[in-house]
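Listed below are the residues making up each chain.
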Amino acid sequence: MKNKVLFLLILLLYFILPIIILNNHMLFNCKFYILTIVGLFIFIMIKLCKISNKELGIKKENIFNSIKRNIPIIILFVVIVVIFRILNLNKFIPNESIMFYLFYIFISCPIQEFLYRGIFGYFETNLIKNKNITLVLSSLSYSFVHVIYKDIFTCLLTFIFGLVLYSLYRKDYNLAGVSLSHIILGILTIYLGIIN
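Keep in mind that what you see is a predicted model, and the values were worked out from it rather than measured. (Residues numbered from 1 in each chain as written. Predicted model: local features only at pLDDT ≥ 70, side-chain atom pairs only at ≥ 80, totals over all residues. Heavy atoms only, no water.)

(A) Geometry of the overall build of the chain. Within the chain one finds 8 helices and 0 strands. Within the chain, the fraction of its 196 residues that count as buried is 45%. In the chain, the share of contacts with a sequence separation of at least 24, taken over all contacts with a separation of at least 6, comes to 82%. Positive and negative side-chain charges of the chain, numbering 18 and 7 respectively, have mean locations separated by a distance of 4 Å. (Helix = DSSP H or I, 4+ residues; strand = E, 2+ residues; numbered from the N terminus. Buried < 20%, exposed > 50% of the residue type's maximum accessible area, 1.4 Å probe, protein only. Contact = heavy atoms within 4.5 Å. Lys, Arg positive; Asp, Glu negative; His and termini not counted. Charge placed at Lys NZ, Arg CZ, Asp CG, Glu CD.)

Below you can see the structure in the form of structure tokens.
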């Protein structure tokens, strides 16, 4: 019962928060701070429920397998992004600072992987027995948080990327590889102006 209530509360937060940010320009400007605060809030809730870091994919076991498993996907996505750039399919000229990229690498991506892969991995093994439902819910909620950018292309790409990352994550239940994939692809697509 505890897991069910916790899961529903987290899921509700995943879908209500982007709608609130979408409708409030001031909150949109603070979106990364909100992500950090929500990530910490959920982590504290998880800890109060006595869920271990290991159950959330934050562990040393399988770290190298996780990274190795992600390398082909990283290479494939880098090639795709480079093709997008060659074909001049970028949509905007980025103007992010070095501080943004440092925040993205060390805080944003790890928090997103915890929220959208680690959390769902825990509930997949402890609550939801249908792995397809978890895969879709994880990818849908990850994609939906990007609705704040008001760009269907970004939402579609993040949904596909979410499917791939969650499928990779569940092979090792370790966040290291998917975090690395997220960091590399995210930096490339933002730096080259392909997605917001």
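(B) Molecular detail of helix α6 (residues 131-144). Compared with the 20 Å implied by 1.5 Å per residue over 14 residues, the 20 Å span of α6 between its first and last C-alpha is a close match. Here α6 has its buried residues at Thr 134, Leu 135, Leu 137, Ser 138, Ser 139, Ser 141, Tyr 142 and Ser 143. Of the surrounding secondary structure, the elements contacted by the buried residues of α6 are α1 (2-22), α5 (98-126), α7 (152-172) and α8 (175-191). N-capping of α6 is provided by Asn 130, with a side-chain oxygen placed 2.9 Å from the backbone N of Asn 132. (Expected span 1.5 Å × (residues − 1). Polar contact = N/O pair within 3.5 Å; in protein donor to acceptor, adjacent residues only side chain to side chain.)

(C) Highlighting the nonpolar core. In terms of nonpolar packing, the biggest core is built from 43 residues, with Ile 10, Ile 42, Ile 46 and Ile 119 touching the most fellow members. Of all the elements in the fold, those that place two or more residues in this core are α1, α3 (31-48), α4 (63-86), α5, α6, α7 and α8. With 8 residues, the top contributor of residues to this core is α5. Once residues within four sequence positions are removed from consideration, Ile 42 is found in contact with Ile 10, Leu 13, Tyr 14, Phe 114, Leu 115 and Ile 119. (Core = buried A, V, L, I, M, F, W, Y, C linked by side-chain atoms within 4.5 Å.)

(D) Structural context of the pattern of salt bridges. Taken as a whole and assessed by the stated rule, the structure comprises 5 salt bridges. Between Glu 61 and Lys 54 there is a salt bridge, with its nearest N and O atoms 3.7 Å apart. One salt bridge in this structure joins Glu 124 and Arg 170, with 2.4 Å as the shortest N-O distance. One end of the pair, Glu 124, is in helix α5; the other, Arg 170, is in helix α7, with 46 residues separating them in the sequence. On the accessibility criterion, Arg 170 (19% relative accessible area) is buried. (Salt bridge = Lys/Arg side-chain N within 4 Å of Asp/Glu carboxyl O.)

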